[in-house]
Amino acid sequence: MKIEFFKYQGTGNDFIIIDNRLDLFDKSDNDFIKSLCNRRFGIGADGLILLEEHDEYDFTMVYYNSDGNESSMCGNGGRCITAFAKFLAIIKHEATFEAIDGLHEAKISEDEIVELKMKDVYKIVQVDGHSFLNTGSPHVVLHHPELESLDVATFGRAIRNSPTYSAEGTNVNFVKKLQNDIFSVRTYERGVEDETLSCGTGVVAVALSIHNDKESDANEITLNTKGGELKVRFTLRDNHYTDIWLIGSAEQVFKGEIG
């Protein structure tokens, strides 16, 4: 049986997205999902996303990393599936959907700029002198003055696999300050096991840790990734971060059939 797929990207973070409202895709075949994400022998992507029915909200988002395993929340994936839902005419300009970390709201403009509301963040801790927090996925944030020449894959992999961050590991973000409200970011993603061009939950973690560490007093921060520009807007209220919005473009690249 042939399955139609769509390829989307959000600031270079790319995904295979499948309309699985009829529940035809075999979610138990992790090796197949991994093969689809393979960049040499498959379609190629940082992850695979299924759009499924929901009894109460617009849809359900099910996300798999490129290693074939179901993963924690993906911010750029959430923005891309919102654009896909608009393409399918499930939504017009606003969406409410459920992901693995709970309920999300999203807004999409005519020019495909997607704003995704992220989970509240109640705790940012210091681990080995670096910020560690969960924005739907776990992230450590490190400042590095020579970001452009940094071997992110090597250094990121070592930190990702450190026993400090539990058996599941962590995503790793390297940051350089450009202005009060503008920072450059490079991210090593677990599950992809390499640097990606962009990471949505990663830039949210960076923005909040920057504000928490008083590196910036802005409540909207621009993050320059290798794949493009993202913005994170938030409010600090009662000692936790709320009204967190991840903002950036999402684009359909191509579509095809598998099987």
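Nothing here was measured: the structure is a model prediction, and the numbers come from that model.

Rules used throughout
- Residues numbered from 1 in each chain as written.
- Predicted model: local features only at pLDDT ≥ 70, side-chain atom pairs only at ≥ 80, totals over all residues.
- Heavy atoms only, no water.
- Salt bridge = Lys/Arg side-chain N within 4 Å of Asp/Glu carboxyl O.
- Buried < 20%, exposed > 50% of the residue type's maximum accessible area, 1.4 Å probe, protein only.
- Helix = DSSP H or I, 4+ residues; strand = E, 2+ residues; numbered from the N terminus.
- Contact = heavy atoms within 4.5 Å.
- Phe/Tyr/Trp six-rings, centres within 6.5 Å; stacked < 30°, edge-to-face > 60°.
- Expected span 1.5 Å × (residues − 1).
- Core = buried A, V, L, I, M, F, W, Y, C linked by side-chain atoms within 4.5 Å.
- Disulfide = S-S within 2.5 Å.
- Pairing = 2+ DSSP bridges.

Draft legend 1. Local environment of the pattern of salt bridges. Within the structure shown, the criterion is met by 16 salt bridges. With a shortest N-O distance of 2.8 Å, Asp19 and Arg21 are connected by a salt bridge. On the accessibility criterion, Asp19 (30% relative accessible area) is partly exposed. Taking relative accessible area as the criterion, Arg21 reaches 32% and is therefore assigned partly exposed. Here Lys226 ties to Glu195 by a salt bridge, and the two come within 3.9 Å at their closest N and O atoms. In this pair, Lys226 is assigned in the loop between β14 (220-225) and β15 (228-237) and Glu195 in strand β13 (residues 194-196), connecting sequence segments 31 residues apart. Three or more residues joined by partner-sharing salt bridges are found here, namely Lys7, Asp14, Arg39 and Asp46.

Draft legend 2. Structural detail: the environment of His211. Here His211 shows up in helix α4 (residues 200-212). Not counting residues within four places of it along the chain, the set of residues in contact with His211 comprises Ser216, Asp217, Ala218, Phe234, Leu236 and Tyr241.

Draft legend 3. Structural detail: unusual backbone geometry. A positive phi is found at Ala89, a non-glycine position, where the angle reads about 65 degrees. Within the secondary structure layout, Ala89 lies in the loop between α2 (75-87) and β5 (94-99). In this structure, Glu112 takes a positive phi of about 65 degrees despite not being glycine. Among the structural elements, Glu112 can be located in the loop between β6 (102-108) and β7 (113-117).

Draft legend 4. How the structure looks around the packing of aromatic side chains. In total, this model carries 10 aromatic pairs according to the counting rule given. Centroid distance Phe6 to Phe84: 5.1 Å. Interplanar angle 50 degrees. Geometry classified as tilted. Taken as a pair, Phe6 in strand β1 (residues 3-10) and Phe84 in helix α2 lie far apart in primary sequence, 78 residues in all. Among the residues examined, Phe6 registers a relative accessible area of 4% and is labelled buried. A ring pair is formed by Phe15 and Tyr63, whose centres lie 6.0 Å apart and whose planes are at 75 degrees; its orientation type is edge-to-face. With Phe15 in strand β2 (residues 13-19) and Tyr63 in strand β4 (residues 59-65), the pair connects residues that are 48 residues apart, well separated along the chain.

Draft legend 5. Broad picture of α4. Here α4 spans 18 Å end to end across 13 residues, near enough to the 18 Å set by a 1.5 Å rise per residue. Extensive coverage of α4 is indicated by the burial of 12 of its 13 residues. Taken together, the buried positions of α4 are Gly200, Thr201, Gly202, Val203, Val204, Ala205, Val206, Ala207, Leu208, Ser209, Ile210 and His211. Following α4 by one or two positions, Lys214 has its phi on the positive side, about 65 degrees.

Draft legend 6. Structural view of the nonpolar core. One finds Met61, Leu208, Leu223, Val232 and Ile244 to be the most contacted residues of the largest nonpolar core, which totals 49 residues. Once you skip the residues sitting within four places of it in the chain, Leu223 turns out to touch Phe183, Val185, Val203, Val206, Ala207, Gly228, Glu229, Leu230 and Val232. Membership of the second largest hydrophobic core comes to 15 residues, among which are Ile3, Phe5, Ile33 and Leu48.

Draft legend 7. Main features of the state of the cysteines. In this structure the tally under the stated criterion is zero disulfides. Cys199 provides the cysteine sulfur closest to Cys74, a residue in no disulfide bond, and the two sulfurs are 6.7 Å apart. Cys80 forms no disulfide, and the closest cysteine sulfur to it belongs to Cys74, at a distance of 7.8 Å.

Draft legend 8. Spatial organisation of the pairing of strand β9 (residues 130-134). Side chains Ser131 and Leu133 project from β9 onto a buried face, and the interleaved His130, Phe132 and Asn134 project onto a face without burial. Sheet topology places strand β8 (residues 125-127) next to β9; three bridges connect them, and they run antiparallel. Opposite Gln126, over in β9, you have Ser131 as the bridge partner. The turn joining β8 and β9, which pair antiparallel and follow one another in sequence, is formed by two residues; a positive phi near 55 degrees is taken by Asp128. When β9 meets strand β10 (residues 138-143), the two strands line up antiparallel, connected through four bridges. For Phe132, the partnering residue across the bridge sits in β10 and is Val140. Between the antiparallel neighbours β9 and β10 lie three residues, among them Gly136 with a positive phi of about 110 degrees.

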